[in-house]
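# Summary of the model geometry
Below, each chain spelled out in residue letters.
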Amino acid sequence: MSSVPGLQADCEELLGAFQEADTVRFERFAELWRERRFHTIFYGRIRALERNKLTKKTLELAQQYFLPPYAFQIRVGALYLLYGLYSTQLCQPKQKIRIALKDWPEIQRFQQDLIDSQHYDAAYIFRTLRLSRAFHFTAMPKLLNYRTKKKIQENEFKEEFKDPSNRVNSLITNDVLEELMNIHDHYQKMKCVISADKSQPDKALSLIKDEFVVTLKDITLEHQEWQQNRMKLFLNAKETDEISNKKEEGILLESEGSERANALARIKYRSYSAVVEASKSRRHRQVKLESSESGSNYGKSPNRSKKNSRRPQPARRRDSLEVK
Amino acid sequence: AAGAAPDYEAAELYTRVFRVGALGRCWRQRLGPPDLSLAAEVAAEADADVAAELGCAVETAAELRGVCSIDMLMSSDKEKDPDVIPEDSSLLTLRIRKKALEKREETIIVDRACRQETLAYEMESHAIGKRPDNPTDLVEEGELLLTLNIFYPVIFQKHKDHKPYQTVLVLGSQKLTELRDSISCVSDLQIGGEFSSQPDQAPEHISKDLYKSAFFYFEGIFYNDRRYPECRDLSRTIIEWSESHDRGYGNLQSVKMEDYTFNDLSLKIGFPYLFCHQGNCEHIIIITDIRLIHHDDCLDRKLYPLLIKKHWLCTRKCFVCKMYTARWVTNKDSLAPEDPCFFCDVCFRMLHYDVEGNKLGEFLAYPYVDPGIFN
């Protein structure tokens, strides 16, 4: 379905303002909503058939912000937004909010989080929506009619709204580290058993770094810190530079740590901003802006990175992690 | 029994295979009576119940009712008329919409719904919320509602890229045969035969009565209509072809359509399947949505399968009077300016037969059923 012109901008503006208000209180959201007179978003001389379609698309757009990977605050904002749009819509009977089976467990968890954290207003609102039967419980989030020819809309949702992508953390969890530690200990013990000197493994059996698990943990922590800094930097840079091009953003995000690195990166961005776009026929060979800063250790195997791990360098490595 | 929830096999296009009935069970397991209820009205909640569920004090619950009320979202009274877009809106959506409306006002003379729009709206909404007189006809709570797009067989060249379709709603507990009977296709009404010599004797039997066989194809299984003795297994040819060499189609099966309900099927949402009748009239079918029934849906079983959308086809008019829908088509007609040429019944007889009913000139005449007949 084609989108409602202007709607994404308006929703993101409201959610952005809510994020900036740094709260999850409905009272605050309602203030922002009233300021913008958001309920008028359905206004205009529209006949019933068109109005049904419009309202469906509106709810569909707002609903997308309600699920991961969006940050907690954005998701609460999306819940309030859905509540507002559902309640103030002009359709009779009301258009519903679609929830797919695969998303329901996540939504349940979210509701439980709200209750546990005593965000009573948010929990109350979700409950209200549910009790007034505002949901359609569906198999899939959208209707699917095999539209291969129609261009699938790439909805570039704002980076700021998303939780920093936690792939590293979700892979290397505490449990995984603990397990690795256990296996590592066991391995060391096995090596001792078959060695001449029972108190330590033979030199010939020394194939990996002994502190590899500890190093892995350190790297993971550094990555997390780096991500948080990156987010902060991105937000700062956005205010000053009005970044819209993702490529440029990529360059900027690479700098972190010291102020000097920041300044360097900004200068580089400016000087590289005159990159000429390849003609349409050669789009696939778009000029790539390579970072001149030295490669990082993130892409390299742990046993080689220990020495440099204290001075992490930004990276644009796409190699997979090598493990010997 | 919980299986994995349906998910995309091809991103944003179609899902993996899953059992329809299992989806219904999964949802019903995860939801409570208030979610599934089809009652027209629900009672308002007591603060004590709210407090109990949220784990807060009763006073807090009362406060929540005020703080979270819808009134908090309405601003001053000056915007009461939904037809009027506020002058100084900060919303981009409204600014764009206003421009579009103003542009329309400049170019359109009369701004009202055309008959196609009226029909489309009527079809979409006429059954909403309908409840049957007889309570046994009431749809059950937790019933599944499937939305199907049934495409017209390609008749016109202009439909090559955007094939027109009908949209039908069916219930999970309905048999496949109920859907089959509800599909109205113009090929069912065809009358075979050449009747230039005996125009008054067009036979009573239409193709629908003569050729009763049909099948649905979903995920490797052909569901054949075997209710009548005249019904044949149309899928046999296909199955034999597939088995004759290793064509990579796996095990194709043939079963009886009347033995299966939609809940029994395994299928993918968004994936094209097939309905075939009249031997060679093929319709693509796509299931676009499956969800739980809701109290605002049509709750009268007898109205399902429910047609909610169909393509408007312009009927071909008589070449002579240009007023009535064509009922005859002629070939090699010495009296007609085109080949083929379409006539309504009156004009056909007036041109081709004299007062006594004798055939004038040379021609072949066939009864014609226009695809737009279902408008």
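Refer to the structure above for everything that follows.
What you are looking at is a predicted structure, and each value in this text was computed from that prediction instead of being measured.

## Thoughts on the overall build of chain A
A count of helices and strands for chain A gives twelve helices and two strands. For chain A, the N- to C-terminal ordering of α and β elements is α-α-α-α-β-α-α-β-α-α-α-α-α-α. With 324 residues in all, chain A has 44% of them scored as buried. Of the accessible surface of chain A, which amounts to about 18,300 Å², a share of 50% is contributed by carbon and sulfur atoms.

## A closer look at the overall build of chain B
Of regular secondary structure, chain B possesses ten helices and 15 strands. Referenced to the eigenvectors of the C-alpha coordinate spread, the extents of chain B come out at roughly 95 × 60 × 45 Å. Counting all 375 residues of chain B, 43% fall into the buried class. Chain B carries 44 positive and 61 negative side-chain charges, and their two centres are separated by 5 Å.

## What to know about the interface of chain B and chain A
With 85 residues of chain B at the contact, the number on the chain A side is 66 residues. Taking both sides of the interface into account, the surface hidden between chain B and chain A amounts to around 6,900 Å²; carbon and sulfur atoms contribute 61%. For the chain B face of the interface with chain A, the top three residues by lost area are Trp27, Leu54 and Leu73 of chain B, together amounting to 11%. Where chain B meets chain A, there are eleven salt bridges. Between aspartate 88 of chain B and arginine 37 of chain A there is a salt bridge, and its shortest N-O distance comes to 3.2 Å. Residue assignment for the side of chain B that touches chain A shows that the elements contributing at least two residues are strand E2 (14–15), helix H1 (20–30), helix H2 (33–36), helix H3 (47–54), helix H4 (58–67), helix H5 (92–107), helix H6 (115–125) and strand E11 (281–292) of chain B. Across the side of chain B that touches chain A, the residue classes tally to 44 nonpolar, 15 polar and 26 charged.

## Topic: a nonpolar patch on the surface
A cluster of nonpolar side chains, namely Ile238, Trp241 and Tyr249 of chain B, defines an oily patch on the protein surface of about 310 Å² accessible area. Looking at tryptophan 241 of chain B, the relative accessible area reads 42%, which means it is partly exposed.

## Topic: the packing of helix H6 (residues 120–131) of chain A against H4 of chain B
The N-to-C vectors of H6 of chain A and H4 of chain B enclose an angle of 70°; their axes lie 10 Å apart at closest approach. When the axis of H6 of chain A is compared with that of H4 of chain B, the two are roughly perpendicular. Of the two possible hands of crossing, H6 of chain A and H4 of chain B adopt the one that is right-handed. Within the contact between the two elements, H6 of chain A uses Tyr120, Asp121 and Tyr124 of chain A and H4 of chain B uses Thr60, Leu64 and Arg65 of chain B. Here the residues of the contact of H6 of chain A with H4 of chain B sort into three nonpolar, one polar and two charged.

## Focus on the nonpolar core
By size, the foremost hydrophobic cluster in this structure holds 105 residues, and its most contacted members are Leu81 of chain A together with Phe216 and Ile290 of chain B. Element by element, the count of residues in this core is highest for helix H4 (residues 72–88) of chain A, at ten residues. Core analysis: the second largest hydrophobic core is formed by twelve residues, Leu38, Val139, Ile293 and Leu299 of chain B among them.

## What to know about the environment of leucine 81 of chain A
Residues and elements named next belong to chain A. Following the sequence through the fold, leucine 81 ends up in helix H4. Given the relative accessible area of 0%, leucine 81 is considered buried. It is 16 Å that separates the C-alpha atoms of leucine 81 and histidine 119, two residues lying 38 residues apart in sequence. Excluding residues that lie within four positions of it along the chain, leucine 81 makes contacts with Cys11, Leu14, Leu15, Phe29, Trp33, Phe38 and Ala62.

## Quick notes on the packing of aromatic side chains
In the structure shown here, the tally under the stated rule is 35 aromatic pairs over all chains. Between the aromatic rings of tyrosine 65 of chain A and tyrosine 70 of chain A, the centroid separation amounts to 5.3 Å while the plane-to-plane angle is 50°, which identifies the pairing as tilted. For tyrosine 70 of chain A, a relative accessible area of 5% translates into the label buried. Each residue in the set Tyr146 of chain A together with Tyr14, Phe216, Phe218, Tyr223, Tyr260, Phe271, Tyr273 and Phe275 of chain B is aromatic and connected to the rest through ring pairs, giving one cluster. For the cation-ring pair, lysine 212 of chain B lies above tyrosine 228 of chain B, with the distance from its terminal atom to the ring centre recorded as 5.1 Å. The residue whose ring lies beneath lysine 359 of chain B is phenylalanine 363 of chain B, and the NZ or CZ to ring-centre distance is 4.7 Å.

## Considering the sheet that holds strand E14 (residues 341–343) of chain B
Strands pair in a sheet through their backbones, by hydrogen bonds, and they do so in one of two ways: parallel or antiparallel. All names here are of chain B. Read across the open sheet, the three strands follow the order E14-E13-E15; overall the sheet is antiparallel. Looking at strand neighbours, the two that pair on one side only are E14 and strand E15 (364–367), the edges of this open sheet. On average, each strand axis in the sheet is inclined to that of its neighbour by 30°, with strand direction left out of account. In this sheet, E15 lies alongside strand E13 (residues 328–331) in antiparallel orientation, the contact comprising four bridges.

## With respect to the pairing of strand E7 (residues 221–224) of chain B
Two faces belong to every sheet, and in a regular strand the side chains alternate between them. All names here are of chain B. Side chains Ile221 and Tyr223 of E7 all project onto a buried face; the interleaved residues Phe222 and Asn224 project onto the opposite face, where all are buried too. In this structure, the hairpin formed by strand E6 (residues 214–218) and E7 is closed by a connection of two residues, where glutamate 219 is found at a positive phi of approximately 45°. Where E7 meets strand E8 (residues 253–256), four bridges bridge the pair, whose relative direction is parallel. When the bridges of E8 are listed, phenylalanine 222 appears paired with serine 254.

## Side note on the environment of leucine 36 of chain B
Locating leucine 36 of chain B in the fold gives a position in helix H2. With near-sequence residues (within four places) excluded, leucine 36 of chain B lies in contact with Arg28, Leu31, Glu141, Gly142 and Leu292 of chain B.

Reading guide: rules and limits
- Residues numbered from 1 in each chain as written.
- Chains lettered and ligands numbered in written order.
- Predicted model: local features only at pLDDT ≥ 70, side-chain atom pairs only at ≥ 80, totals over all residues.
- Heavy atoms only, no water.
- Helix = DSSP H or I, 4+ residues; strand = E, 2+ residues; numbered from the N terminus.
- Buried < 20%, exposed > 50% of the residue type's maximum accessible area, 1.4 Å probe, protein only.
- Areas by Shrake-Rupley, 256 points an atom, 1.4 Å probe, with all protein chains shown as cover.
- Lys, Arg positive; Asp, Glu negative; His and termini not counted.
- Charge placed at Lys NZ, Arg CZ, Asp CG, Glu CD.
- Contact = heavy atoms within 4.5 Å.
- Buried area = accessible area lost by both parts, 1.4 Å probe.
- Salt bridge = Lys/Arg side-chain N within 4 Å of Asp/Glu carboxyl O.
- Nonpolar A, V, L, I, M, F, W, Y, C, P; charged D, E, K, R; others polar.
- Patch = residues over 30% accessible without salt bridge, like charges linked within 9 Å, V, L, I, M, F, W, Y side chains within 5 Å.
- Axes fitted to C-alpha atoms, helices over the stretch in contact; angles between N-to-C directions.
- Parallel < 35°, antiparallel > 145°, perpendicular 65-115°, else oblique.
- Left-handed = near helix turned anticlockwise from the far one by under 90°.
- Core = buried A, V, L, I, M, F, W, Y, C linked by side-chain atoms within 4.5 Å.
- Phe/Tyr/Trp six-rings, centres within 6.5 Å; stacked < 30°, edge-to-face > 60°.
- Lys NZ or Arg CZ within 6 Å of the ring centre and 35° of its normal.
- Pairing = 2+ DSSP bridges.

These values are about where atoms sit, not about what they do.
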